[in-house]
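Structure assessment
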Amino acid sequence: MKKKQKRWCRKRDWITLIIVKILMIPYFFIKMGFRCRSTRLRLDRPYLVLCNHQTFWDPGFLTMMYNRPIHFMATDNLFTNGFSSKLLTFFFGPIPKRKQ
């Protein structure tokens, strides 16, 4: 009997993904003419996506391209902004990173 894999994503990660896609796909399509084909990843394993972050919109573009939630790395400055930091941490679960 195959052992069931523990899922690494929380339910709110999936809900956030759906809400972000519903809000951002029309914006990217109408305003920027962005079109992409979604990449289907297997849900039973984690992946590491490396991106050269060129613009403010890159995390949104990456979110559109994958069929599962992405947890981004963020510098420790993001975690010191009070209430907005708590909201971002709750909904997107960024992985903290120090610049030093």
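Our subject is the structure listed above.
In short, a report on the structure. (Residues numbered from 1 in each chain as written. Predicted model: local features only at pLDDT ≥ 70, side-chain atom pairs only at ≥ 80, totals over all residues. Heavy atoms only, no water.)

1. Considering the overall build of the protein chain
What the protein chain contains, in helices and strands, is three helices and two strands. A burial count over the protein chain gives 22% of its 100 residues as buried. Of the contacts made within the protein chain by residues no fewer than 6 positions apart, 62% connect residues no fewer than 24 positions apart. The positive charge centre, built from 20 side chains, and the negative charge centre, built from 4, are 6 Å apart in the protein chain. (Helix = DSSP H or I, 4+ residues; strand = E, 2+ residues; numbered from the N terminus. Buried < 20%, exposed > 50% of the residue type's maximum accessible area, 1.4 Å probe, protein only. Contact = heavy atoms within 4.5 Å. Lys, Arg positive; Asp, Glu negative; His and termini not counted. Charge placed at Lys NZ, Arg CZ, Asp CG, Glu CD.)

2. A look at the packing of aromatic side chains
This model, assessed by the stated rule, comprises four aromatic pairs. Arranged with centres 6.0 Å apart and planes meeting at 55°, the rings of Tyr 27 and Phe 28 form a pair that is tilted. On the basis of relative accessibility, which here comes to 1%, the residue Phe 28 falls in the buried class. Put simply, the rings of Tyr 27, Phe 28, Phe 34 and Phe 61 pair up and form one aromatic cluster. (Phe/Tyr/Trp six-rings, centres within 6.5 Å; stacked < 30°, edge-to-face > 60°.)

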